Each structure stands twice: as C-alpha cells, then as structure tokens.
Amino acid sequence: MDSILLSALVFSPIVGILVLLFVPKAEKAAIKGVGFLATLLPLALAFIVYFGFDNTKETLQFIEQHKWINFNLQSLQNGGDFTVSYELGVNGLTVLLLLLTALVSTLAAAASVWIKDQTKGYFMLFLLLEIGMLGVFASQNLLLFFIFFEITLIPTFFLIGKWGYLDKEKAAYSFLIYNGLGSAILLIVFIILYMKTGTMNYTGLSAFLSQSPEMLERMYIGDNFRLGLLIALLVALGVKLPIVPLHSWMLQVHVQAPPSIVMIHSGILLKIGAYGLYQFGLGFFPGEFEKIAFWIALLGVINLLYGAFIAFVQIDFKKVLAYSSVSHMGIVLIGLGSLTDAGVQGAMFQIISHGLISALLFFLIGLMYQRTGTSLITHLGGISRVMPITAGFLLAGGLASLGLPGMSGFVSEFMTFLGLFKVMPALAAIGTLGIILTAVYMLRAVLTITFGETIEPLTTIKEARFVEWIPALVLTLLIVLIGVYPAVLSDMLQLTINAMMAGRGAVV
Amino acid sequence: MTLEKLLSYDWGIMAPEFTILIVATLLSLMDLFIPNKASRKPLALLGIAGVIIAIVFAVMQVGTEPTSILFDTYRFDSFALAFKLLFLVATGLILLLALDYEGGREWEFRGEFFYLLLTALLGAMMMASSADLITLFVGLELLSISSYILAGIRKNNLHSNEAAFKYVVNGGIATAITLFGMSYIYGLTGSTNLYEISEALTNPAVEQNAFLLVMAFVMLLVGLAFKIAAAPFHMWAPDVYQGSATPVTAFLSVVSKSAGFALILKMFLITFLSVQGWHNSIILELQPYIAVIAGVTMVIGNVVALRQRNIKRMFAYSSIAHAGYVLVPFVSLSLLVFKMTWFYLLAYLLMNIGAFAVIQFVTEKERSEDFTAFSGLYKRAPWVAVMMAVFILSLAGLPFTAGFIGKFGIFMSSLGTGHFVLASVMMATTVISYVYYFNVLVQIFFRKGEVDRLRPSVGLLIVMIICAVGTIFFGIYPGAAYDFFQGFDMNELFIK
C-alpha cells in the first residue's frame, strides 16, 4: 500500500516557494497573496489525510517507504541491515498534529500581512518552516525526524532575527544555541540507538527494545544504559518543550519574534518536544519511563507552578503568555508522567488545545499591536471600548486558557489531573494550585486589557475589519468544538494511545 | 637497475601522476617562452585540461588489482586511488578559482602559480601512493615546498611574505621532527618499506624497546599534525591562510590537509596497527592521547574562530576545527574509519572550496577581508548569497547538506565504538561553531551594505555551482558516494 499523499502533503509548500521565486520583489500584495494561498494547499491535503484516516484501525496508515541511504555496514553486529529508508506514515495522533500544523500555518500566514518589508524572503522561509514541521510529524524514522527537526531551526532563526522586534538578533542566537544543543544531544541518542540496533524505524526500534532485559543486556543495552538514554532524551526535548530550567530562550523568542512566527512557535514548534517525548521516550523506553514517571510529573508540576507564578507579575502581555506556555506545557508533562490512559490522552489533548489557544492569543496580540504599537497590559487598558470584538475574542481565549468548561483547555486539564490523581494524589493536589493560579493571572491580564482604564491615545483606534478577525473566529470555534465535543479528538487518539500504553508502540 | 627491469614495471598505474608531471613541465616551459605581458590564462586552462585527463585516467583505474612498482616503493591500491581522486577534483576546482583571481599588482607570478599548484598536487598524490618512507617523504616535501612558494607568491604583499616565512620555518621544523621519527623506525626495523616495517615491528625484540617505538609514533604524529593543522601545532594556519592568495588558501585547507589525513591513515594503520605496545596494540594504547588532540583541536578551532573578524582567519580556525572532526574516526578506529574519513573529506572539499570561491569573489570586489565585507550580499548578488548559505550550513553540519551526512558518519563511527566523550565534545563544539558561521549569514542577509549589483566571473560561478550542487546532492543522496566508495576495497591497503 504505497500512496504518495504524505510526501505530497509534507513537500506541498514547495509549490509556494517556487511560485514566489518568480514574483517580483516590489509586488508586495501579490507576494502576500501567494504566500497565504500556498498554505492552503497543505491544509487541503491535511484534510484529505484526516478524512481518509481510518480511526478504527490502530495501524500506521498512508505508509510510504523507499530505500534511501545504504551505509553498507552489514559487517557490524546485531543483524540490522543499517539501511535508512525514506519512510512516512501517520497514526491517530500525528494526523491531528499534521492538521494542526497546516491550520496554524495558514492562520499565521494570514497574520503575516503585518510584515512590512522583505515579504518575499519572509514567505519563502515561512513555507520552508512549514515543510520542516509537517515532516517532523509524518516521519517514521529517526534520521528523517532529525533532518526535518533541524530544518525548522534554520528558517526560524532567520524569521526571528530579521523580522522580530528590537532585541531580535539576541533572541535568534539564543534560540539557535539552546536548540542546537538540544538537537545535538538528540542526535547522539539517535545514533547510539542506531548503532546498537541497526535500525532507525520507530516500529523496528520499539520492537527491538521490547526484547527481554537479559537479551538487551547481552547487546550492551542494559537497564542503566537505557535509563541514561531516556534522561538524555528528556533533556534534549526538554529544551524544546521547554522544561523549566531550560526555558529562558523561549521567553526571548516569544517577546522578540513577530506575532505570526510566535503563533507557529508556540502553537507547533513547542509541541515537537512533547510529541518527541511521547513517541521516543514512552515508545522506546516504556519500562524506564515508568521508573522516572514521578520525576517527570514533578517537573510538570514545577513547570505549571513556576510559569503561573511568574506570569502573574508580568506587565507585558506577550510575557504573560510566554510564561503561560511554560505553565501549560507542564500539564503535558504531568499527563505523560501519570502514565494512565486518561493522563496520556489528556496530555495529547493539551498539545492540540494549547496549539489552538496560544495561536489565537498571539494572533490577537498581533492585531492589537498593529493598531496600538504596544503589548503592555496597562497601555492596552480599556480596549473593549474601541475594539469590542477583539476584546471579546481575547476574553474567550483567556477563558479557554484557564480551562473554562466548554472550552478545549478544560478537557485536557481535567483528564490530565484525573490521571494524576489516580496514581499520585499528593502531587496532583499541589498541581491543582497551578490551575487556580492560571485563572488568577489570566483574568488579571485579560480583564485589565479589556475593562481597565483607557489611556488617551487609544480612543482613536479603529476596530478590526471582518477579514482580520476570521482567523480568530476559526480558532475560537475549534476551541469550543473540542470543548463541547471532545470526541473529535478522542476518536482519533483512542486506539493510538491504547497501543502505546499496551507497551507495544505503534504497530504496523 | 637495468633498462629491462625498468621497462618491466607496470607504469600504467602512474598514468595520472605522469599526466600531471607532463602538464606541469609543459606549463613551466611555456611560461618561460610566452612574452611577459601576455595573459597567463591559457596556462590555467591547460592545467585544468591536464587535471581532467588525469581524473579520467584515475577513474579508468577503478577496480584494478593492487600493484606495486619500483621495488615496492610505489604502490597502487584502492586507498591511494580514492584519495587521489579527491586531490585531483579539488585541484581542478582550485585552478578554476585561480583563473579569475585578480590580485592586482601583487600578483605577477601567475605562471609559476599554476605549475606549482600542479607539483604540489603531484606531491600529494605520491603521498597517497607511496609504500616506502623515502618516497613518502619525497612526496611530503614536494607538496610542502611547493606550498611554501605558493604562500609567498604575492611577492609585494607584506602579509604574503609573512605567511611564506612562517610557513617555511614552522614547516621545516615539522618536517625535521617527522624525519627524526622515521629514523627511529628505521633504527628499530632496518627497513624503510612500510610493509616490512610492519612485519619487523612484531618482532619480540621490538617489544622490549616499546618506548622507542612510542617516541617514533609521537614524533611522526607531531609532524603530521602540523600538516593537518591540528592543535597544538595549528598556530601557523591563521597567518598563512590570511596572507596567502585565496586560491592558495583553498588549496592548503583542502588538498594539503586531505593529503595529511591520507598519510596519517596510511602510515599509522599499516605500520602500527598490529604492533604490541606495553599491554595492547600500540595505537589503542595511544588512542586517548590522539583523542585529546582531536578534542583540543575542535575546541580551539571553534572557540577562537568566534573572535575573528578577518574572514580568512575565521576560515583558518574553522578548518582547524574540521581537522579535529576528521581525526575522530581515526581515534575511534571502527570499521568505518576509511569510509567516514573519505566521505567527510569529500564533503569538506565541496563546501570549503565553494566557500572560498565566494570569499574570493567578495574580498576582491570589496578590497576588504573583514567579515563585514559580506554585508548586504543578499541584495547585491542573491544567488551567490544563497550558495554561500548552502556552504556555511554544510560547514555547520545542518541537514540536506553533505556536511551533515559527513558529521553523521563520524558520529556513527565514534558512538559505535563507545567514544561518547569525544562525540559529545564534537557535538558541543559544533553548536559553538553555529555562532560564527551564522554571524556570516547575518552579515549576508540582515545587514545593509552597498547597493550596486555584483556579478561573479564565469570561472567562479562554475566553481560555486559545482560545489553547491555537489553539497546538496550528497546531502540528499549520500548513497551515490557510498556506493562509489564501495568499489574501493580498503583491505587492499593491508595486503602486501
């Protein structure tokens, strides 16, 4: 069963890049139009994959496999053939992530109308970034994953460093170095696995590593060795997620990057860390994951509380949201750490829900910054009087973020804590403090912005036009949809997560 | 030696060498007879033609059985051929660079330049092919002496004079040390043939004098570390790279360095691999020290490069760092050592010569070697800027470039044999290198510079395009190079 649908999806943004090559630089409107339209193609293909996906099967679907690199190492041990294939495939989780990526990319492309100069370069890099993100989720082997992962690095560096705000270059370098180190560790882990097992395929690795401990010990992959690899993975992906002591680069990026890129960054790029932790950490080392599950949950609670506390004192709305992202990524860790069906599913819900919510909030920041030139909470006070619709969306986004029932944030937080209370009630009790704090800082920020005192210059601001709030509308509707009818996600996720939790990994 | 004996040798195996020798001689004669004012460009074209013919000969030799001639002093095997091909391709590209090198008033000796490049190439090829300390040394010296002159060929340029002088003095010392080390080996074994040495060294009598052997090993390593500019014998590189004309810099950083690696692999693996030290094979015993050299080289190269403003100095340190990377497979000594070293040198050849083509283009147009000369290049010559980005991303080891696959291979060879620390050092320094590599990209894409359009000359453009296409091609489909390399049986190196 070989279809080229996934390849077409992953590489479809190239069409846009090629078209852009032939659009003259001065035609800014045309460039923006082409850039936006180009993101519709992957979106359409992602929908085709989504509707074509059979969620009654737990197997990988739309598999593609071609021999790619033969390192000719048959002489080495363990019988693996050491060829690396170009292989793509999707399961219930990655279908959703692909759709999320395509959707957020389209909306971020719409938000890119605020980019003023060098639009051609901007959109070409933007589309390249989209290829990288789609590829990360569609890959079925480590080398391919890593290559796409690194591809996201280069355009993001330029997008932050060239089109960001005042301190953009520092933020770009900070992003580059932290993520460079993260991916360096990741690569070491990947290559060790490859050299030990002779395969890079996810399924093959899961199967290989699920052999009996004695068997693995004999191949020099003992218990401690595997634990070491898992911890290295945790650090590597912890940079991306980010896990608390490794988060400082991410704050700079959130503050300095243009809003459209932050939508992508916060909405998708951070999720790669969570996805990696799930796919590799849980998938390859289920036994070791269990051993450190408590610590992962603890890190999650620390993330949750730390992010929430600091978010409370920020005066820049961008920073509030940055710390809020740190805080919300804690929930993903908590869910994974609980190692219960409900918890893991909650974590996956959170990945998608937070992707939508943060995209919405950063879109609104862009919208307001465009008109007011500021993102400080106090300066934006009373914006509901001049931009009532925007303020309405902001309130919706804020409520979704703090987990109001009926919104997607509620479902994910509820399920995560349901899972954690089952296994570590004390930790969960402390964690719930975080949810209260979230409500506090989010309401403080959102209410000050919407109903606070108006500062004089804001009175002349005009409300956003209809076309400008379409992206916000789409995101809000999706958030509510997931909130009131979570089955749209859980139907897709159920079997994939069951397979994972049964310790079998994704079964082909 | 009778004529009969002389004629009985299979001289065909030296066809590429003879081609280069004949062309070099021809060029030197033509240079004498062409009037002073006349353009020397035809000489370069002739040189390029010669290199291409030599490449054709070399490719035709693929698959030939190992043969040795001249009393086993000169030997043809797959190892030699694989490296010769690298040298030939690199020199061909560099001649193309030199064709368009302006250099102004300081660049009077263009004719000499072309044939000295060829003699240096000949030296490198001899190094790859010799099976005897004497021929090996002759090859090394031929390469070195030609390079000394090349470094100083801009006679009226102060930096160039400084470069040549430093290179001669340091290089002379390194050569002396190498020779001294060889004399120990000769003293222990009574032979200059590498294969006989390898047999003689397994003699129990040698074992009792293991410290002499270690001395010899260390001295040879010092001498050769100089050639590849590994720390702590790297200090000459920045000054020489900066002072030399850009094509010469490219030659030193690619061909000369690769020849050094060919020699290291050949000499140490043939002679020392099976030799007992105190407890273990002597190479394994000294492995930690070589690992330290590799690690220090990577750290020094990458960290000091951060502080450089002169683009050629920056690339000098970058090439020091790369020497450290290429030492890693040698240290880890897995089955992959030849394949991964060769592939990395291939990738390095493409990305580094490509980068030097752009450097030559920009520094000549701007008359400045400061890295701010690159500012606004994206506006002035967009395609050149994009190609430079490819080279730099490849040097930094980012995906879809040959540099990434090369690094990947090196990691495979080092992690497969459990050298976790060395691999981690290499990873960490690679991330450090992002900073200075991306600094150049920031200049090219973010900074505003002059606004006039720049156009590269045809020769430069060809070099850039070949290198960029090669870098990306081997990044996406490295199998082509691996399969090609599969045709070379490296075990031939060990069969007498």
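Parameters and conventions
- Residues numbered from 1 in each chain as written.
- Chains lettered and ligands numbered in written order.
- Predicted model: local features only at pLDDT ≥ 70, side-chain atom pairs only at ≥ 80, totals over all residues.
- Helix = DSSP H or I, 4+ residues; strand = E, 2+ residues; numbered from the N terminus.
- Rg over C-alpha atoms; globule rule 2.2 N^0.38 Å.
- Buried ≥ 20, exposed ≤ 12 C-beta atoms within 10 Å, placed from the backbone.
- Contact = placed C-beta atoms within 7 Å.
- Expected span 1.5 Å × (residues − 1).
- Axes fitted to C-alpha atoms, helices over the stretch in contact; angles between N-to-C directions.
- Parallel < 35°, antiparallel > 145°, perpendicular 65-115°, else oblique.
- Left-handed = near helix turned anticlockwise from the far one by under 90°.
- Nonpolar A, V, L, I, M, F, W, Y, C, P; charged D, E, K, R; others polar.
- pLDDT = per-residue confidence, 0-100.
- Core = buried A, V, L, I, M, F, W, Y, C linked by C-beta atoms within 7 Å.

**Structural notes on the overall build of chain A**
Thought 1: What chain A contains, in helices and strands, is 22 helices and two strands.
Thought 2: For chain A, the C-alpha radius of gyration of 22 Å lies close to 23 Å, the compact-globule estimate for 508 residues.
Thought 3: Projected onto its principal axes, the C-alpha coordinates of chain A cover approximately 75 × 60 × 40 Å.
Thought 4: The burial tally for chain A puts 61% of its 508 residues in the buried class.
Thought 5: For chain A, the proportion of contacts with a sequence separation of at least 24, taken over those separated by at least 6, is 79%.

**As for the overall build of chain B**
Thought 1: For chain B, the helix and strand inventory stands at 21 helices and two strands.
Thought 2: Whereas a compact globule of 496 residues would reach a radius of gyration of roughly 23 Å, chain B reaches 22 Å, a difference of no more than 12%.
Thought 3: In terms of its C-alpha atoms, chain B occupies a principal-axis envelope of roughly 70 × 55 × 40 Å.
Thought 4: Of all 496 residues assigned to chain B, the portion counted as buried reaches 60%.
Thought 5: At a minimum sequence separation of 6, the contacts of chain B that also span at least 24 residues come to 79%.

**So, helix α18 (residues 388-401) of chain A**
Residues and elements named next belong to chain A.
Thought 1: Taking 1.5 Å per residue as the helical rise, α18 with its 14 residues ought to reach 20 Å, and the 20 Å between its terminal C-alpha atoms agrees with that figure.
Thought 2: Taken together, the buried positions of α18 are T390, A391, F393, L394, A396, G397, G398, L399, A400 and S401.
Thought 3: Where the residues of α18 are buried, they touch α15 (317-338), α16 (341-372), α17 (383-386), α19 (408-423), α20 (425-451) and α21 (466-484).
Thought 4: Just downstream of α18 lies G403, where phi reads positive at about 85 degrees.

**Things to note about the packing of helix α18 (residues 402-416) of chain B against helix α19 (residues 420-445) of chain B**
Each pair of packed helices can be summarised by the angle the axes make with each other and by the distance between the axes.
Residues and elements named next belong to chain B.
Thought 1: Across the interface, α18 lies against α19 with an axial gap of 8 Å and an inter-helix angle of 155 degrees. Overall, the two elements α18 and α19 adopt an arrangement that is roughly antiparallel. Crossing of α18 over α19 shows left-handed handedness. Touching K407, F411, S414 and L415 of α18 are F420, L422, A423 and T430, all from α19.
Thought 2: Counted by class, the contact of α18 with α19 contains five nonpolar, two polar and one charged residues.

**What about helix α5 (residues 119-138) of chain A?**
Thought 1: In a regular helix each residue adds 1.5 Å, so 20 residues correspond to 28 Å; α5 of chain A covers 28 Å between its end C-alpha atoms and thus fits that length.
Thought 2: When you tally the buried positions in α5 of chain A, you get 20 out of 20 residues, the bulk of the element.

**Focus: the interface of chain B and chain A**
Thought 1: Contacts between chain B and chain A engage 25 residues on the former and 26 residues on the latter.
Thought 2: For the side of chain B that touches chain A, the secondary structure elements donating two or more residues are α18, α19 and α21 (479-486) of chain B.
Thought 3: If one sorts the elements of the side of chain B that touches chain A by residue count, α19 of chain B sits on top with 11 residues.
Thought 4: Residues belonging to the side of chain B that touches chain A are distributed by class as follows: 20 nonpolar, five polar and no charged.

**Here we look at the confidence of the model for chain A**
Thought 1: Confidence in the prediction of chain A, expressed as mean pLDDT, is 88, and 96% of residues score 70 or more.
Thought 2: Low confidence marks residues 504-508 of chain A, where pLDDT is under 50. Its contacts with residues over four positions away, or in another chain, come to 18 contacts.

**A short note on unusual backbone geometry**
Thought 1: Of note, the bond from L241 of chain A into P242 of chain A is cis; its omega dihedral lies within 30 degrees of zero at -10 degrees.
Thought 2: Topologically, P242 of chain A is positioned in the loop between α10 (223-240) and α11 (248-256).
Thought 3: Across the junction of A231 of chain B and P232 of chain B, the peptide omega takes the value 0 degrees, indicating a cis bond.
Thought 4: Position of P232 of chain B relative to the elements: it lies in the loop between α10 (210-227) and α11 (236-243).
Thought 5: Even without glycine at this site, L339 of chain A takes up a positive phi of about 55 degrees.
Thought 6: Phi angles above zero are rare outside glycine, and A229 of chain B is one such case at about 60 degrees.
Thought 7: Tracing the sequence through the fold places A229 of chain B in the loop between α10 and α11.
Thought 8: Overall, the presence of 29 C-beta atoms within 10 Å leaves A229 of chain B in the buried class.

**Some thoughts on the nonpolar core**
Thought 1: Ranked by internal contacts, the top residues of the largest apolar core, which has 391 residues, are L98 of chain A together with L97, L117, I353, V358 and I392 of chain B.
Thought 2: Of the residues forming this core, the biggest block, 20 residues, is contributed by helix α15 (residues 337-366) of chain B.
Thought 3: Every residue in contact with L117 of chain B, bar those within four places of it in the chain, is listed here: T91, I94, L95, L150 and F251 of chain B.

**Remarks on the packing of α15 of chain B against helix α17 (residues 382-396) of chain B**
Residue and element names in this part refer to chain B.
Thought 1: Between α15 and α17, whose axes approach to 9 Å, the crossing angle comes to 140 degrees. In terms of orientation, α15 lies oblique with respect to α17. Crossing geometry of α15 relative to α17 is assigned as left-handed. Residues A347, M351, G354, A355, V358 and F361 of α15 form the contact with α17, whose participating residues are V384, M387, M388, F391, I392, S394 and L395.
Thought 2: Class assignment for the residues of the contact of α15 with α17 results in 11 nonpolar, two polar and no charged.

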